[in-house]
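# Observations on the three-dimensional arrangement
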Amino acid sequence: MFSRPLFSFLFQIIVLLPVYMMGQTHDLLILNGHLIDPKTKVDQKMDIGITDGIVTKIDADLSSEDAETIIDAQGLIIIPGLIDIHVHVFHGTTPDRYLANSYSSVSPDGFTFESGVTTVVDAGGAGWKNFETFKNQTIDRSKTRVLAFLNIVGQGMSGGAFEQDLNDMDPKLTAMVAKKFSSDIIGVKLAHYNGYDWRPTEKTVRAGQLAEIPVMVDFGGSQPELPLDTLFIEKLRPGDIYTHVYANVPGRMAVVDSNGKVLESALKAQKNGLIFDVGHGGASFIFDQGIPSINQGLYPDTISTDLHTGSMNAAMKDMVNVMSKFLNMNMSLHQVIEASTWKPAQVIGRTELGHISAGGIADITLLKMEKGNFGFLDTKNKKIKGNKKLSCQMTIKDGKVVYDLNGLSGKLWAQNE
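Residues numbered from 1 in each chain as written. Predicted model: local features only at pLDDT ≥ 70, side-chain atom pairs only at ≥ 80, totals over all residues. Heavy atoms only, no water.

### Considering the overall build of the protein chain
Helices and strands together make up the secondary structure of the protein chain, namely 10 helices and 15 strands. At 22 Å, the protein chain has a C-alpha radius of gyration in line with the 22 Å of a compact globule built from 417 residues. The C-alpha extent of the protein chain, read off along each of the three principal axes, is 70 × 50 × 45 Å. By residue count, 55% of the 417 residues in the protein chain fall in the buried class. Sequence separation of at least 24 residues holds for 74% of the intrachain contacts in the protein chain that already meet a minimum separation of 6. Total accessible area computed for the protein chain in this model is approximately 17,900 Å², and 50% of it derives from carbon and sulfur atoms. (Helix = DSSP H or I, 4+ residues; strand = E, 2+ residues; numbered from the N terminus. Rg over C-alpha atoms; globule rule 2.2 N^0.38 Å. Buried < 20%, exposed > 50% of the residue type's maximum accessible area, 1.4 Å probe, protein only. Contact = heavy atoms within 4.5 Å. Areas by Shrake-Rupley, 256 points an atom, 1.4 Å probe, with all protein chains shown as cover.)

Here it is in structure tokens:
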């Protein structure tokens, strides 16, 4: 069996060699845009040629001849397709099952491409008992690339008592399903458990160890509060993910204490490799946590939305809105792009994604930087003002234009033509 790097190299040879031997032709040619790619560290005007879903050429001045479709990206920023590692897309019609095959989750294609997202990771909607349902009705039927954190609870994120059932948290069976569907499942998720009890965390980490994948923890509440110091330093491993990092909810410690100081354990854990994820959601992001954290150096490793029906029309809105929020909280454009592309690709172990490289998958997003007077809300309806905002102009997935806000890929209509 070929290793992933060897397979990628052979694939590039097979795809690119005929192109160079027969002369350069492209299905798509993107001209005049400014490419920012965190992996390759390119930050300049670049033209990009795409053929058969693969990036075939990146150059400062490509010829516009022999291209089926030419996209003039003048004034736009070209970045890798966005990767949102915390969404809820196990949509279905089962009543009273919260985010597991029920109404609070959303169908991915209706919310991804319009905000520049080409890859999402469902954060624990399905457990080992219902993952195949999720795969059959969502993963295999979506144009969006859908991956998954498998819930440690066998019934998945079904809400209420389902998520409190320690007997339904089985590390062995969770790991078995994760291994069986390793092309779809990239991690294990713990969420919403209430109680002063480390066993759910320990079971989740054990499943991750058995399947050799990271875990994502959405810490539940308890009285007294479980200490984040213990979670960060003793329970989770480098590469594991703490989501909702800028939340402050009842029964759970926050990363910024009552004096406005970031926990030393959080800064230490991030330095040691623990991943801090935004997971904005409908109740999990407040400026009282986010702004002091960034000012004191606790930047998000990954920017994500926690997309579901309770967040999409509130303060969160969509991926580019969350990215814009962090731009106006003094993260640089490069930091925001990296936390939305290359870093999440590394975190989920899908390093074929999150970059624009010759021979690589052609997942590409075109953004426009808008200048003006904007307002951004947190989940407690507090507002900050900003002067810059990103908007998605085009999304390309596997070399195909899947969203085109202003018709950049179209040919101009002329009467009688």
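### Digging into the packing of helix α5 (residues 228-235) against helix α6 (residues 264-271)
Taken N-terminus to C-terminus, the directions of α5 and α6 make an angle of 20°; their axes are 9 Å apart at the nearest point. Taken as axis vectors, α5 and α6 run roughly parallel relative to one another. Two packed elements cross with a definite hand, and for α5 against α6 that hand is left-handed. Here α5 contributes D229, F232 and I233 to the contact with α6, which in turn contributes S265, A266, K268 and A269. (Axes fitted to C-alpha atoms, helices over the stretch in contact; angles between N-to-C directions. Parallel < 35°, antiparallel > 145°, perpendicular 65-115°, else oblique. Left-handed = near helix turned anticlockwise from the far one by under 90°.)

### Considerations on the packing of aromatic side chains
All chains considered together, the criterion is met by 11 aromatic pairs. Ring centres 4.9 Å apart and planes at 45° place the aromatic pair F90 and F134 in the tilted group. Of the two residues, F90 is situated in the loop between β6 (82-87) and β7 (117-127) and F134 in helix α2 (residues 131-137); the sequence distance between them amounts to 44 residues. When its relative accessible area of 0% is taken as the criterion, F90 is described as buried. (Phe/Tyr/Trp six-rings, centres within 6.5 Å; stacked < 30°, edge-to-face > 60°.)

### A look at the pattern of salt bridges
Tallied over the full model, the rule gives 13 salt bridges. Salt-bridge contacts for D218 lead to R252; the nearest nitrogen and oxygen are separated by 3.8 Å. Taken together, the residues span a long stretch of sequence, with D218 in strand β10 (residues 215-218) and R252 in the loop between β11 (241-242) and α6 at a distance of 34 residues. One salt bridge connects D240 with R237, and the closest N-O pair in it is separated by 2.9 Å. (Salt bridge = Lys/Arg side-chain N within 4 Å of Asp/Glu carboxyl O.)

### Regarding unusual backbone geometry
For the bond from Q223 to P224, the omega torsion is 0°, close enough to zero to count as cis. In this structure, P224 sits in the loop between β10 and α5. With a phi close to 55°, D52 is a non-glycine residue in the positive phi region. Tracing the sequence through the fold places D52 in the loop between β2 (42-51) and β3 (54-59). Positive phi is not limited to glycine here, since N381 has a value of about 65°. Residue position: N381 is located in the loop between β13 (364-377) and β14 (383-397). The class for N381 is exposed, based on a relative accessible area of 58%.

### Thoughts on the nonpolar core
Residues F131, F232 and F326 are the most contacted members of the largest nonpolar core, which totals 80 residues. What F326 contacts, discounting residues up to four positions off in sequence, is Y246, V278, F285, I294, P300, I303, M331 and V336. By size, the runner-up hydrophobic cluster in this structure holds 17 residues, among which are I48, I50, I356 and I364. (Core = buried A, V, L, I, M, F, W, Y, C linked by side-chain atoms within 4.5 Å.)

### Concerning the side chain of D37
Looking at the secondary structure, you find D37 in strand β1 (residues 26-37). For D37, which is buried and forms no salt bridge, the nearest opposite charge comes from K39, at a distance of 7.3 Å. Within the local environment of D37, its side chain forms a polar contact with the backbone nitrogen of I356, the two atoms lying 2.6 Å apart. Excluding residues within four positions of it along the chain, D37 makes contact with V42, P80, G354, H355 and I356. (Lys, Arg positive; Asp, Glu negative; His and termini not counted. Polar contact = N/O pair within 3.5 Å; in protein donor to acceptor, adjacent residues only side chain to side chain.)

### Observations regarding the packing of helix α3 (residues 171-180) against helix α4 (residues 199-211)
Taken N-terminus to C-terminus, the directions of α3 and α4 make an angle of 40°; their axes are 8 Å apart at the nearest point. Judged on the interaxial angle alone, α4 and α3 are oblique. Every pair of crossing elements has a handedness; the one defined by α3 and α4 is right-handed. Only K203, R206, A207, L210 and A211 of α4 make contact with α3, whose side of the interface consists of P171, K172, T174, A175, A178 and K179.

### Some details on helix α8 (residues 319-327)
The buried fraction of α8 amounts to nine of the nine residues, a majority that puts the element mostly inside the structure. All buried positions along α8 are accounted for by M319, V320, N321, V322, M323, S324, K325, F326 and L327. Contact partners of the buried residues in α8: β6, β7, α7 (287-295), α9 (333-338), β13 and β14. The opening residue of α8, the one whose side-chain oxygen lies 3.4 Å from the backbone nitrogen of V320, is D318.

### Details of the confidence of the model for the protein chain
Here the protein chain shows a mean pLDDT of 94. Residues at 70 or above account for 94%. Confidence drops under pLDDT 50 across residues 17-22; counting only partners more than four residues distant or on other chains, this segment forms six contacts. (pLDDT = per-residue confidence, 0-100.)

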